Each structure stands twice: as C-alpha cells, then as structure tokens.
Amino acid sequence: MQPPESRYATADGVTYHYLEMGTGQDTVFLHGGGPGCTGWTDFGPVAPLFAADRRCLLVDILQYGKSEKCRITGPMWDFHAAKTVALLDELGVARADFVCNSWGGTIALNLAAKYPDRVRSLVVTGSMPVFYGPLAPLPEGARRGRNARDAYYGDDGPTREKMRQLITRLEWYDGAKLPEETLDLRYEQSLDPGERELAAMSDSPRGDWQDLTDELGRVQAPALFIWGMHDAFLTPDYPLMLARMVQNGNLHVMDHVSHHLQEERPHAFHAVVTGFLNSLDAEERAR
C-alpha cells in the first residue's frame, strides 16, 4: 500500500511532516527511534485497519523522516511533549488516543503526565521511560538502542545489509518475514543527510536524557502496554513494572513478536488495541 499524500504543519517554530487517514476519533501514531524510522515505516501495515473508523495521524517525530532536523537542548522528552502539543493545536486536535512504538511511547507518556487534558488513552509498545528494571539490569546498560544506532552509522556508514541485520536482530522475531519494501524504506530514509549529520555529531543534538519515574505516577489516562514476548530491548517484566507505576495501567504480552509487533502481526495488534479502545468507549457511554 502506498502512503497517503504528505502533509506539513509548522507548530511552535518547528515543521512536522505527517500523514492523515480516515475519519473519527483522533488517533496519533508516534514511531520509534531506530535508524530510518518514520510514521509510515512503523505503522504503515496497521494504520489502514485503524483508519476504518478513526482519524489517524501518522507523525514523523522531530529529527526523523521528513520532519525538521532541529537541534534539541534541555530535557528531551519535555521538548518533544511540548512540540507535539503545539502540533495538536495546529491540527485542531483537542484530545487524542496515542498509539506509539518505543521512542514515541516515551514522548506520549511524558505528554500525558504534563498535559493530561490532551490524552484520552495511551497504547505503548517497547518504550523505555525509566532506566532500570524490576528483576535485572537492562541490556547494555539501557543503551542497546543507542549502541545499535552508533554501530549502524559508524565504520563504513549505513548499508542495506547493516539495516537488515539491525531489524532482524533487534526489531523482528522472524526476520525471514521482513518485507523487502520495509527494508528499502528504512534504509533509504536512514541515508537522509539530516539524520546522518545528527548521528555523526559528537555532542548530543537530541537533548538531555530524562528518567520519567516521577512523571509515570502522574499519568491519569488509561494505558495499555502491549509488548512482544521476545522484545530484544526490554523483557516482559519491564512493562509489567510500568503498568503498575501508572494509575490505570494494563499489560498485554503477544507471542511470536519482538520490538515491532504492529508490523509483524498487524491484525493481532489491531484486534488487541481496538478491544482496549472500545472498552473505553463503552465505559464513557455508561457514565
């Protein structure tokens, strides 16, 4: 399936690229932070299912895709949350459901804590808002994602084979099923001059890392943590901890998937998430 027409919006001094599909309840999709990730690469396989009865906004996070490659100073998740709220204002979105992978989920959790009236619900997959686990230290000192990005852009630079190895080792449970189209999209986007420049910078253009322990306790929106049984970054004990840290947390662990379950099993992902969102609709009608 081809993506819908590109759209752009300037919000609080920065320019976002996004895609829009469907009509209905506003639903914002925020992608992960791997090389070459965009709203379409991460959610293209599943977005048409949600678009049957929702207004789906697939956003390229700042510094990714076709969004602005701005430099970030100060606390990184606060920066992203504030700019995302400005984007919601620009798009006329008063309150939204957020469906997010990895990096995007951490942004949405912080946004829900700081701007609770803008978030109806959260669906979070593979995100790392805190730097510790309940049972054991996190892999590679919670730096597995950053190490993978450094290795991908290091040495001889990005190659299609390095991208295949990154995705099949860390993001997909069954790498043999990785579509060549997905591989091509990720690889070609990773060659973007702005993204390569950010990766090569010796200082941190992404802002100061934040631990969101305190913020998680302030999240009021119902949250579904939907996790891959074989997630290469964070084993299922970690989202169980997160579900207990937020006020209205739920956990679903899906088998035969790793970090990008919305791509590996889009229909199963849609079914679980839709069940969660429909239950919220029913509760709101019953009030």
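As a reminder, the structure under discussion sits directly above these lines.
Q: Could you give me a rundown of the overall build of the protein, with the residues and numbers involved?
A: Along the protein, the regular secondary structure elements total 12 helices and 10 strands. Projected onto the principal axes, the alpha-carbon positions of the protein cover approximately 60 × 45 × 40 Å. For the protein, the residues scored as buried account for 55% of the 287 residues in total. As displayed, the protein offers around 11700 Å² of accessible surface, 50% of which is attributable to carbon and sulfur atoms. Across the protein, the 28 positively charged side chains and the 40 negatively charged ones have centroids separated by 2 Å.

Q: For the sheet that holds strand S4 (residues 54-59), give the residues involved together with the corresponding values.
A: Across the sheet, which stays open at both edges, the 8 strands sit in the order S1-S2-S4-S3-S6-S7-S9-S10 with mixed pairing between neighbours. Every interior strand has two partners, whereas the edge strands, strand S1 (7-11) and strand S10 (249-254), have only one. Ignoring strand direction, the axes of neighbouring strands in this sheet form an average angle of 25 degrees. When strand S6 (residues 96-101) meets strand S7 (residues 119-125), the two strands line up parallel, connected through 6 bridges. Looking across to S7, one finds that cysteine 100 is bridged to valine 124. Set on the sheet, helix H10 (residues 237-245) makes contact with strand S9 (223-228) and S10; between it and S9 the angle comes to about 175 degrees.

Q: Lay out the environment of glycine 133 with the relevant residues and their values.
A: Among the structural elements, glycine 133 can be located in the loop between S7 and helix H5 (144-153). Sequence separation of glycine 133 and proline 239 is 106 residues, and the distance between their C-alpha atoms is 9.1 Å. Beyond its immediate sequence surroundings of up to four residues, glycine 133 is in contact with Leu138, Tyr238 and Met241.

Q: Mind laying out the pattern of salt bridges, listing which residues take part and the relevant values?
A: Enumeration according to the criterion identifies 22 salt bridges in this entry. For lysine 83, the salt bridge identified is with aspartate 12, shortest N-O distance 3.0 Å. Taken together, the residues lysine 83 in helix H3 (residues 76-91) and aspartate 12 in the loop between S1 and strand S2 (14-21) connect sequence positions 71 residues apart. The buried category is assigned to lysine 83, whose relative accessible area is 12%. The exposure class assigned to aspartate 12 is exposed, which follows from its relative accessible area of 51%. When salt bridges with common partners are traced through the structure, they connect Arg54, Asp97, Arg120, Asp281 and Glu284 into a single cluster.

Q: How would you summarise the environment of glycine 145 if you had to cite specific residues and measurements?
A: Note on placement: glycine 145 falls in helix H5. Of the residues examined, glycine 145 reaches a relative accessible area of 31% and is grouped as partly exposed. Residues glycine 145 and arginine 206 lie 61 residues apart in sequence; the distance between their C-alpha atoms is 14 Å.

Q: Hey, could you go over the nonpolar core for me, with residue numbers and the actual values?
A: Generally speaking, a soluble globular protein has its nonpolar side chains buried in company with each other. Val28, Leu30, Phe98, Leu122, Phe225, Tyr238 and Leu242 are the most contacted members of the largest nonpolar core, which totals 66 residues. In this structure, phenylalanine 98 is in contact with Val28, Leu30, Thr84, Leu88, Ala108, Leu111, Arg118, Val119, Ser121, Leu122 and Val123, ignoring residues within four places of it in sequence. Within the second largest apolar cluster, 23 residues are counted, among which are Phe50, Leu224, Phe269 and Phe276.

Q: Outline the packing of aromatic side chains, listing residues and values.
A: Given two aromatic rings, their pairing is described by the distance between the two centres and the angle made by the two planes. In total, this model carries 10 aromatic pairs according to the counting rule given. Their ring planes at 80 degrees and their centres at 5.1 Å tell us that tyrosine 152 and tyrosine 153 sit as a pair that is edge-to-face. Looking at tyrosine 153, the relative accessible area reads 16%, which means it is buried. Centroid distance tryptophan 227 to tyrosine 238: 6.4 Å. Interplanar angle 45 degrees. Geometry classified as tilted. Here tyrosine 238 lies in helix H10 and tryptophan 227 lies in strand S9, a separation of 11 residues in the sequence. Of the two residues, tryptophan 227 and tyrosine 238, both sit in the buried class. The rings of Tyr64, Trp77, Trp103, Phe131 and Trp209 are connected pair by pair, giving a single aromatic cluster. The ring of tryptophan 209 carries the charged tip of arginine 146 above its face, separated from the ring centre by 4.0 Å.

Q: Hey, could you go over unusual backbone geometry for me, with residue numbers and the actual values?
A: Positive phi values are uncommon outside glycine, yet glutamine 63 reaches one of about 80 degrees. When you line up the elements, glutamine 63 lands in the loop between S4 and strand S5 (72-75). In this structure, aspartate 155 takes a positive phi of about 55 degrees despite not being glycine. Mapped onto the elements, aspartate 155 comes out in the loop between H5 and helix H6 (160-170).

Conventions adopted
- Residues numbered from 1 in each chain as written.
- Predicted model: local features only at pLDDT ≥ 70, side-chain atom pairs only at ≥ 80, totals over all residues.
- Heavy atoms only, no water.
- Helix = DSSP H or I, 4+ residues; strand = E, 2+ residues; numbered from the N terminus.
- Buried < 20%, exposed > 50% of the residue type's maximum accessible area, 1.4 Å probe, protein only.
- Areas by Shrake-Rupley, 256 points an atom, 1.4 Å probe, with all protein chains shown as cover.
- Lys, Arg positive; Asp, Glu negative; His and termini not counted.
- Charge placed at Lys NZ, Arg CZ, Asp CG, Glu CD.
- Pairing = 2+ DSSP bridges.
- Axes fitted to C-alpha atoms, helices over the stretch in contact; angles between N-to-C directions.
- Contact = heavy atoms within 4.5 Å.
- Salt bridge = Lys/Arg side-chain N within 4 Å of Asp/Glu carboxyl O.
- Core = buried A, V, L, I, M, F, W, Y, C linked by side-chain atoms within 4.5 Å.
- Phe/Tyr/Trp six-rings, centres within 6.5 Å; stacked < 30°, edge-to-face > 60°.
- Lys NZ or Arg CZ within 6 Å of the ring centre and 35° of its normal.

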